[in-house]
Amino acid sequence: MERTGFEPFGEQLVSATDTQPKSRASKLLLRAGTTLFWSLVAGIVLARAAFFEPGIYDGFSRVASLAKNLIF
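Our subject in this report is the structure included herewith. (Residues numbered from 1 in each chain as written. Predicted model: local features only at pLDDT ≥ 70, side-chain atom pairs only at ≥ 80, totals over all residues. Heavy atoms only, no water.)

Describing the overall build of the protein chain
When helices and strands are tallied, the protein chain shows 3 helices and 0 strands. Ordered by position from the N terminus, the helices and strands of the protein chain form the series α-α-α. (Helix = DSSP H or I, 4+ residues; strand = E, 2+ residues; numbered from the N terminus.)

Things to note about the packing of aromatic side chains
Counting across every chain of the model gives 1 aromatic pair. Between phenylalanine 37 and tryptophan 38, the ring centres sit 4.9 Å apart and the planes meet at 80°, which makes this aromatic pair edge-to-face. (Phe/Tyr/Trp six-rings, centres within 6.5 Å; stacked < 30°, edge-to-face > 60°.)

Considering helix H2 (residues 24–50)
Given a rise of 1.5 Å per residue, 27 residues ought to cover 39 Å, and the 38 Å separating the end C-alpha atoms of H2 matches this to within 8%. Burial analysis of H2 places just 0 of its 27 residues in the buried class, which makes it a mostly uncovered element. (Expected span 1.5 Å × (residues − 1). Buried < 20%, exposed > 50% of the residue type's maximum accessible area, 1.4 Å probe, protein only.)

So, to be careful, I would describe these as geometric facts and stop short of saying anything about function.
See below:
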C-alpha cells in the first residue's frame, strides 16, 4: 500500500486527474452549477444586508442577561 495513495483510514485517494470532467457537456454543466451556486450565495448575502434590522436580537440579549444574572 502506497502512503501517498491512501488516507490515514485506508480509503484510496482520488487524484485530481480522475475527478476532471471529460466531455464538453460535463464541463459546461459543472460551470453552470458553480455559477448558479455562487449567484445564490451572493443573492442571499445581499438580501440579508438589505433587510437587516439591528434591533431584532434585543429580546435575546435580555433573556441572555437574565440567565447570566440567575447563574452568577
